[in-house]
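Working through the structure, step by step
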Amino acid sequence: GPDGVLLDVVDADPARLDTRREALALCVRVGRYSDAEGHARELLKARPADAEAWRRLGVALAGLNRHDEATAAYEEAVRHAPADPAAYQRLAQHLWKDRKRVADARKVLDRFVAAAPKAAEAYLTRARFELFTAPETDVRPDLRQAVALAPDDADARLLYAERLGAHGDVSAARAELREA
């Protein structure tokens, strides 16, 4: 199939980084983590600051249950792309779900907000994480900031309205729903 053709092209010409990048994405998507690790490491030899390759290497290593190495790879992704939401989200998710380190995941999301204070997604991600891990947490400040930064983001507005209503501010919740 086309998957095999793509991998054959990489085998025939290992210097084709664009094809190797596609092979890496494919291997991660289909769970071929050992192959993904090999492709990621080859890409990183040529481009050591490639945050996407670091992030996908983290996925592969986590899939291989090499969690310390996965954490380090995700940290490298964050280091090389300090404003990339995907790097922080993957690292936080890994720490939370795979490592059961909720406090460390929370610190990663705080770093995300600090690195991207003008990105609504940073605040929205942190709010959603808190709602999953500590539903009693008042996430309205993060949601208020997300809405302020991205007033057209319906998801942020809807979640903010829901949280306003949950805290008894029904008129503000209705106003947010009208805006959404």
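The structure this text deals with has already been given above.
As a starting point, this report considers the structure included with it. (Residues numbered from 1 in each chain as written. Predicted model: local features only at pLDDT ≥ 70, side-chain atom pairs only at ≥ 80, totals over all residues. Heavy atoms only, no water.)

Let's shift gears to the packing of aromatic side chains. Applying the stated criterion to the full structure yields 3 aromatic pairs. Here Tyr 88 and Phe 112 contribute two aromatic rings whose centre-to-centre distance is 4.8 Å and whose plane-to-plane angle is 10°, an arrangement assigned as stacked. Highlighted residues: Tyr 88 in helix H6 (residues 85-98) and Phe 112 in helix H7 (residues 102-115), separated in sequence by 24 residues. For the pair shown, Tyr 88 and Phe 112 are each scored as buried. Here the aromatic rings of Trp 96 and Phe 129 are separated by 5.6 Å at their centres, their planes lie at 80°, and the arrangement is edge-to-face. Here Phe 129 lies in helix H8 (residues 120-133) and Trp 96 lies in helix H6, a separation of 33 residues in the sequence. Through pairs of rings, three or more aromatic residues link up here, namely Trp 96, Phe 129 and Phe 132. (Phe/Tyr/Trp six-rings, centres within 6.5 Å; stacked < 30°, edge-to-face > 60°. Helix = DSSP H or I, 4+ residues; strand = E, 2+ residues; numbered from the N terminus. Buried < 20%, exposed > 50% of the residue type's maximum accessible area, 1.4 Å probe, protein only.)

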